[in-house]
Amino acid sequence: MLVDNGSAVNILLQQAFKRMQLDEADLKPTSFPFYDFTRDHLIPKGTIALPITLGETNEMTKMREFLVVDYPSAFNGILGRPLLWNFKAVTSIYHLKMKFSTSSGIEEVQGSQRESRDYYIRAVQMACKGKGKPMGVPEQVMAISRIEPQPRPTKENMDPCIQECPHSGLVEDLSEAHVDIVGISLNIIFHALNIDTTIKLVHQKRRAMDPECYAALKIEVDKLILNGSIRDALYPSWVANLVLVKKPNGKWRTYVDFTDPNKAYPKDNFPLPRIDQLVDATSRHELLSFMDTYSRYNQIPMYAPNEEHTSFVTYRGLYCYKVMPFGLKNARATYQ
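Parameters and conventions
- Residues numbered from 1 in each chain as written.
- Predicted model: local features only at pLDDT ≥ 70, side-chain atom pairs only at ≥ 80, totals over all residues.
- Heavy atoms only, no water.
- Core = buried A, V, L, I, M, F, W, Y, C linked by side-chain atoms within 4.5 Å.
- Buried < 20%, exposed > 50% of the residue type's maximum accessible area, 1.4 Å probe, protein only.
- Helix = DSSP H or I, 4+ residues; strand = E, 2+ residues; numbered from the N terminus.
- Contact = heavy atoms within 4.5 Å.
- Pairing = 2+ DSSP bridges.
- Expected span 1.5 Å × (residues − 1).
- Axes fitted to C-alpha atoms, helices over the stretch in contact; angles between N-to-C directions.

S.K.: How would you sum up the nonpolar core? Please name residues and give values.
M.R.: Counting 27 residues, the largest nonpolar core has Ile230, Val256, Phe312, Tyr321 and Leu328 as the members making the most contacts within it. Put simply, the parts of the chain that give this core at least two residues each are α5 (211–227), β12 (240–246) and β15 (317–321). The leading source of residues in this core is α5, at 5 residues. Tyr321 has contacts with Leu224, Ser229, Ile230, Val256, Met302, Glu307, Thr310 and Phe312, leaving out every residue within four places of it along the chain. Core analysis: the next-biggest nonpolar cluster, separate from the first, contains 18 residues, Ile48, Leu54, Met60 and Met98 among them.

Rendered as structure tokens:
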């Protein structure tokens, strides 16, 4: 068995499944595919719970779930992070050892350097000979000479069944701008600022800009107004300036200087998850997220009484954010 700290699931190969004389009727069906396991997607045969025993003197046995995959490999299966977490095991690649805690003390499992090298060479040879290709995927080749452009659907050429379908109002046109994205409901999440009322309020004076920055700022503010991300601020307690930075491609990136309001509320020390934690949390789920990854923070609304705390000044007036902007100290923790 291959011990892989990078695998989010435990895997049992079909060849080992047959040698163990297990019944396929015990497999629970599954529908989510593997990605990057074979540089392509692969649908597992199903899942099965098996007893796993680790240790030499002080053995420990636990039931763990495995995904059965029909794919030729030099290994019988993969022991991933779920099993290592359940056994509270710690692995060492250099020493080829795995240690875990038992009721009688610390137990270890010793690997073989020679066998590990032999299996690795066998796996490389199988990949070079083309044996690592997924089974049951026929190659299909179709020659395409020219693709005729199709007209956009209209009332004249649209299927009558589609015309009669009631319009829900949620999906208009995928080519529309960001203004069509509805965001997340306030009943699910919003971003609030716990500002200390004893701290002195800061109103930054408007900074002068050159004509090129004024033109870029006008475009950015117009876009935010069109998207519904900002509104006019009437009597803001905090006022910040905009900072424009020119990117290597010639475009401008706009920031809001939230230095002063960020000092007025405590920091949320929630640790951002590591990538392996994100993979483990999303594995076995067919749907990942309903959030739009392009707009990111702007999908989360601001707490209405705190909107004017995000105010910024421009030559056209004062505006504040209706959605969570970049630059706030606790924005990353809220987004995660």
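Now that the structure is up, let's keep going.
S.K.: How would you summarise the pairing of strand β13 (residues 252–256) if you had to cite specific residues and measurements?
M.R.: The sheet contact formed by β12 and β13 spans 5 bridges and is antiparallel. Bridging from a neighbouring strand, Val243 pairs with Tyr255 of β13. Connecting the antiparallel pair β12 and β13 is a turn made up of 5 residues, with Gly250 showing a positive phi of about 95°.

S.K.: Give a detailed account of α5, specifying residues and quantitative values.
M.R.: Spanning 17 residues, α5 covers 25 Å between terminal C-alpha atoms, matching the ideal 24 Å at 1.5 Å per step. Looking at the buried residues of α5, the elements they touch are β11 (230–232), β12, β13, β14 (312–314) and β15.

S.K.: Go over the sheet that holds β14 with me, naming the residues and quoting the values.
M.R.: Read across the open sheet, the 5 strands follow the order β11-β15-β14-β12-β13; overall the sheet is mixed. Only two strands of the sheet have a single neighbouring strand rather than two, namely β11 and β13. The mean angle between the axes of side-by-side strands here comes to 40°, regardless of whether they run parallel or antiparallel.

S.K.: Can you lay out unusual backbone geometry for me, pointing to particular residues and giving the numbers?
M.R.: Even without a glycine there, the phi angle at Lys88 is positive, about 55°. Here Lys88 is to be found in the loop between α2 (81–87) and β8 (90–92). Phi at Leu96 takes a positive value of approximately 55°, unusual for a residue other than glycine. Its location among the elements puts Leu96 in the loop between β8 and β9 (97–102). Relative accessible area serves as the criterion here: at 23%, Leu96 is assigned to the partly exposed category.

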